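Here is what each chain is made of, one letter per residue.
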Amino acid sequence: IPKSGLEAIWNHILYWNGGAFDGPVNFYLVTADGKASLLSAQRTVNVRNDYYIEGGSPETWNGFYKKAVILMSGPPVRAGEGSAVWANKDSSEDAAWSYFPGQRRVRQLPSPCCDTPNPGLSGLATFDEIANWFGRTVRYDWKIIGKKEVYLPYNENRLPHAPSNSALISGHIYNPEYRRYELHRVWEIEATLKPDQRHIYPKLKLYLDEDNWQAVVVERYDANGELWKVASLVMTAMPDVPMVGTNGYSAIYDIVAKETLIFGVSEVPYNMKIVDPKKLPESIFTPEALASRGVR
């Protein structure tokens, strides 16, 4: 039971989803007129959760609880690009690098956090919109509103099998035909921007699933206090693990632009797989490895 809103959000940031996982992921933008445009085809997504690897500790992982590397195969203009991200318990120590094949070099990103546009998403989402929340906690005051029952997208095992041309439609976070909802207990957390901080989202509401602490639904508000975006994870049952998790699927609906940013659609059902961390050694997450792997 969290004693504060800050503790609750860290329960989400450190939610369990295995020691490591990988798989292909596609990102789409669905515009108001229903057209789906491929933003990036990520042929490889490797994620290592050092926090949950057996024998690990804050001392052995030097504060870095998650490391990820992403390699792109499309669209053609982005083929060969790559990114590496290291997330630290002390968010000021977060680090990220990008590889650009045209320049044949790796560049470290100066500010891989908060409301900085994420280059992997063509700048259409911020860094802290990854997995519904992946930001620095210090910019907000976190408050527990309470625990209540709400209908959440849950056990959505049909959606990963849906072809992308059927799953992606305008005006919705995925096609309602493939969605499923359950009544679940959640912790409602409200984040309010501190007076001395800046962010394009001055207020957030996060609904954390009581069973696994993932922020299944997040509401983001604009400077006028109006609801701007609604984000939703796709929670699927994975009995082989066993767990209920996202398989890399999530989406953000922009109420103003009437556009949907889709994370994780793949023609391969259940594309993200939990794997043995030994298959993803720390050496593949370095900037040097990114340069050697991210080529056309």
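Residues numbered from 1 in each chain as written. Predicted model: local features only at pLDDT ≥ 70, side-chain atom pairs only at ≥ 80, totals over all residues. Heavy atoms only, no water.

**As for the packing of aromatic side chains**
Part 1 of the argument: Considering all chains together, one arrives at 10 aromatic pairs under this definition.
Part 2 of the argument: Ring centres 5.2 Å apart and planes at 70° place the aromatic pair Trp86 and Trp97 in the edge-to-face group. Of the two residues, Trp86 sits in strand β4 (residues 82-88) while Trp97 sits in strand β5 (residues 95-100), which places them 11 residues apart along the sequence. Pair check on accessibility: Trp86 and Trp97 agree, each one buried.
Part 3 of the argument: Chaining the aromatic ring pairs together yields one cluster made of Phe64, Trp86 and Trp97.
Part 4 of the argument: Here the guanidinium or amino end of Lys89 rests over the ring plane of Trp10, the centre of that ring lying 4.4 Å away.
Part 5 of the argument: The ring of Tyr221 has Lys203 lying over it, and the distance from NZ or CZ to the ring centre is 5.0 Å. (Phe/Tyr/Trp six-rings, centres within 6.5 Å; stacked < 30°, edge-to-face > 60°. Helix = DSSP H or I, 4+ residues; strand = E, 2+ residues; numbered from the N terminus. Buried < 20%, exposed > 50% of the residue type's maximum accessible area, 1.4 Å probe, protein only. Lys NZ or Arg CZ within 6 Å of the ring centre and 35° of its normal.)

**Notes on unusual backbone geometry**
Part 1 of the argument: Between Gly74 and the following residue, Pro75, the backbone shows a cis peptide bond with an omega angle of -5°.
Part 2 of the argument: With respect to the helices and strands, the residue Pro75 is situated in the loop between β3 (64-74) and β4.
Part 3 of the argument: Unusually for a residue other than glycine, Cys114 sits at a positive phi of about 60°.
Part 4 of the argument: Given the relative accessible area of 1%, Cys114 is considered buried.
Part 5 of the argument: The backbone of Ala131 sits at a positive phi, close to 55°, despite the residue not being glycine.
Part 6 of the argument: Relative to the assigned elements, Ala131 resides in the loop between β6 (105-108) and β7 (140-153).
Part 7 of the argument: Given the relative accessible area of 26%, Ala131 is considered partly exposed.

**Regarding the nonpolar core**
Part 1 of the argument: Among the nonpolar cores identified, the biggest contains 37 residues, and Trp133, Tyr140, Trp142, Leu206 and Leu208 are the most heavily contacted of them.
Part 2 of the argument: Leave out the neighbours within four places in its chain, and Trp142 touches Gly5, Leu6, Ile9, Trp133, Thr137, Ile189, Glu190, Ala191 and Leu206.
Part 3 of the argument: By size, the runner-up hydrophobic cluster in this structure holds 15 residues, among which are Val30, Ile173, Tyr174 and Val265. (Core = buried A, V, L, I, M, F, W, Y, C linked by side-chain atoms within 4.5 Å. Contact = heavy atoms within 4.5 Å.)

**Focus: the confidence of the model for the protein**
Part 1 of the argument: Scored by pLDDT, the protein has a mean of 87; 95% of the residues are at 70 or more.
Part 2 of the argument: Mean pLDDT values for the elements of the protein range from 76 in helix α2 (residues 164-167) up to 97 in strand β9 (residues 203-209). (pLDDT = per-residue confidence, 0-100.)

**Here we look at the environment of His172**
Part 1 of the argument: Inspection of the secondary structure puts His172 in the loop between α2 and β8 (181-193).
Part 2 of the argument: When its relative accessible area of 34% is taken as the criterion, His172 is described as partly exposed.
Part 3 of the argument: Sequence spacing of His172 and Lys258 is 86 residues, and the spatial spacing of their C-alpha atoms is 8.9 Å.
Part 4 of the argument: In this structure, His172 is in contact with Tyr253 and Thr260, ignoring residues within four places of it in sequence.

**Some remarks on the pattern of salt bridges**
Part 1 of the argument: Applying the stated criterion across every chain yields a total of 13 salt bridges.
Part 2 of the argument: Residues Glu188 and Lys148 are paired through a salt bridge, measuring 3.1 Å at the closest nitrogen-oxygen approach. Of the two residues, Glu188 is situated in strand β8 and Lys148 in strand β7; the sequence distance between them amounts to 40 residues.
Part 3 of the argument: With relative accessibility at 5%, the residue Glu188 sits in the buried group.
Part 4 of the argument: For Lys148, a relative accessible area of 37% gives the class partly exposed.
Part 5 of the argument: Taking the shortest distance from any N to any O, the salt bridge between Lys203 and Glu190 comes out at 3.8 Å. Here Lys203, found in strand β9, pairs with Glu190, found in strand β8; they are 13 residues apart in sequence, far enough to count as distant.
Part 6 of the argument: The partly exposed category is assigned to Lys203, whose relative accessible area is 29%.
Part 7 of the argument: Owing to a relative accessible area of 18%, Glu190 belongs among the buried residues under this scheme.
Part 8 of the argument: Among the charged side chains, a salt-bridge network with shared partners connects Asp115, Arg139 and Arg198. (Salt bridge = Lys/Arg side-chain N within 4 Å of Asp/Glu carboxyl O.)

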